[in-house]
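# Architecture and fold: a report
Here are the chains, one letter per residue:
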Amino acid sequence: MVRTPLTPEERRRGERLGALLREARGGRSMVEIAANAGISAETLRKIETGRAPTPAFFTVAALAGALGLSMDELLARSAPEPDAVPLAG
């Protein structure tokens, strides 16, 4: 199966998610948070660096739980910036 290339906005959203997760992790180790979320440290590293810009929903939910973040907060802070949203029409 061939995967459709990501749009620039999808890449930016992945970068925003990664930055938010890095910030929320703070001084805690990547290994600790990954273990608490039930994922590998390498997967977390890829998400945080934007190399995995579209992680699975359940992976994001597990990370949110491990970091004490709500899904609403993740959505709000990872959403496109207001001037980046295309106008309908």
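Residues numbered from 1 in each chain as written. Predicted model: local features only at pLDDT ≥ 70, side-chain atom pairs only at ≥ 80, totals over all residues. Heavy atoms only, no water.

### Observations concerning the overall build of the protein
Scanning the protein from N- to C-terminus turns up 5 helices and 0 strands. Shown N-terminal to C-terminal, the secondary structure of the protein runs as helices and strands in the order α-α-α-α-α. By residue count, 31% of the 89 residues in the protein fall in the buried class. Contacts in the protein between residues far apart in sequence, at least 24 positions, make up 66% of those at least 6 positions apart. For the protein, the exposed surface amounts to about 5,800 Å²; the carbon and sulfur share of it is 59%. (Helix = DSSP H or I, 4+ residues; strand = E, 2+ residues; numbered from the N terminus. Buried < 20%, exposed > 50% of the residue type's maximum accessible area, 1.4 Å probe, protein only. Contact = heavy atoms within 4.5 Å. Areas by Shrake-Rupley, 256 points an atom, 1.4 Å probe, with all protein chains shown as cover.)

### Description of the environment of glutamate 48
As for its position among the elements, glutamate 48 is in helix α3 (residues 41–49). Given the relative accessible area of 3%, glutamate 48 is considered buried. Each C-alpha atom, one on glutamate 48 and one on glutamate 23, is 9.6 Å from the other, the two residues being 25 residues apart in sequence. Once you skip the residues sitting within four places of it in the chain, glutamate 48 turns out to touch Gly18, Ala19, Leu21, Arg22, Arg25 and Met30.

### Quick look at the packing of aromatic side chains
This model, assessed by the stated rule, comprises 1 aromatic pair. Ring geometry for phenylalanine 57 versus phenylalanine 58: centroids 5.3 Å apart, planes at 80°, classification edge-to-face. Phenylalanine 57 gets classed as exposed once you look at its relative accessible area, which sits at 52%. Taking the relative accessible area as the measure of exposure, phenylalanine 58 reaches 69% and is therefore exposed. (Phe/Tyr/Trp six-rings, centres within 6.5 Å; stacked < 30°, edge-to-face > 60°.)

### What to know about helix α1 (residues 8–25)
Look at α1: 26 Å from first C-alpha to last across 18 residues, which is about the 26 Å you get at 1.5 Å a residue. Along α1, the positions that sit buried rather than exposed are Glu9, Gly14, Arg16, Leu17, Gly18, Leu20, Leu21 and Arg25. Of the residues flanking the end of α1, it is glycine 26, one or two places downstream, whose phi is positive at about 55°. (Expected span 1.5 Å × (residues − 1).)

### Observations regarding the confidence of the model for the protein
With 90% of its residues at a pLDDT of at least 70, the protein reaches an overall mean of 88. The secondary-structure element of the protein with the lowest mean pLDDT is helix α5 (residues 71–78), recorded at 86, while helix α2 (residues 30–37) shows the highest, at 97. (pLDDT = per-residue confidence, 0-100.)

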